[in-house]
Amino acid sequence: VLNGHNKFKRWLKCLVVADFAEKFKATHLHGHWTTPSDVAAIVAKTLGLTYSFTLHAHDIYDEDTVLQKKGGGAALRSDGATFVATCTRYNYQHLLERYGSQFKAPLYPIYHGVNTDLFKPGEIKNDKLTILSVGRIIAYKGFDRLVEVMHKLRGDGHDFVCYCIGDGS
């Protein structure tokens, strides 16, 4: 599981996570993305815990990831996992079509979003089109496209307000 130039860093992460898991009496570990998934699997297996992980677009489609390089490495790593999740229906379908028979754990789509039946935001009182964008404000999240769309909307005479929620880390 621990391959490549980041092997030493991953082992250090395993030691830190193992320490926290024991300190807080964890019974299950969950990792997001490739490296945390490796760490969760190693620590869980070492400490006798259960684990699961989530695959995001970067893990699935970026040719430099373990999933791509190993021809389904994450699917193969699922042996021993309680479940594997991904965040969109498209990712879910793609993973099933490309690697479905290799998954040793159930694969589930778990969507991003807020259950508006449970969480009711305060009412926004304006007569304008309201745009809400939530995400880390980094290049590949597409905020540049949002700005382009707002520029086009404004150019076409549309009145709107846009709220962006996120940080840059």
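Now for a description of the structure that goes with this document. (Residues numbered from 1 in each chain as written. Predicted model: local features only at pLDDT ≥ 70, side-chain atom pairs only at ≥ 80, totals over all residues. Heavy atoms only, no water.)

Together, Leu 132, Val 134, Tyr 163 and Ile 165 make up an exposed nonpolar region whose accessible area comes to about 410 Å². Examined against the element boundaries, Leu 132 turns out to sit in strand β5 (residues 129-134). (Patch = residues over 30% accessible without salt bridge, like charges linked within 9 Å, V, L, I, M, F, W, Y side chains within 5 Å. Areas by Shrake-Rupley, 256 points an atom, 1.4 Å probe, with all protein chains shown as cover. Salt bridge = Lys/Arg side-chain N within 4 Å of Asp/Glu carboxyl O. Helix = DSSP H or I, 4+ residues; strand = E, 2+ residues; numbered from the N terminus.)

For the rest of this paragraph, the subject is the nonpolar core. Membership of the largest hydrophobic core comes to 23 residues, with the highest contact counts inside it found for Leu 29, Tyr 51, Leu 55, Val 84, Leu 95 and Phe 103. Looking at this core, the elements with two or more residues in it are α1 (7-23), α2 (34-47), β2 (50-55) and α6 (89-99). Among the nonpolar cores identified, the runner-up in size contains six residues, and Ile 131, Phe 143, Leu 146 and Met 150 belong to it. (Core = buried A, V, L, I, M, F, W, Y, C linked by side-chain atoms within 4.5 Å. Buried < 20%, exposed > 50% of the residue type's maximum accessible area, 1.4 Å probe, protein only.)

Glancing now at the environment of Val 161. Structurally, Val 161 is set in strand β6 (residues 160-165). A relative accessible area of 22% places Val 161 in the partly exposed class. As a C-alpha pair, Val 161 and Asp 127 span 34 residues in sequence and 9.7 Å in three-dimensional space.

Pairing of side chains with opposite charge becomes possible as their charged atoms draw close. Within this structure, the stated rule accounts for two salt bridges. Across the pair Asp 156 and Lys 152 runs a salt bridge, and its minimum N-O distance is 3.2 Å. Here Lys 152 falls in the exposed class, since its relative accessible area comes to 54%. With a shortest N-O distance of 3.6 Å, Arg 154 and Asp 159 are connected by a salt bridge. Overall, Asp 159 belongs to the partly exposed group, its relative accessible area being 44%.

By themselves, these observations are geometric and do not establish any function.
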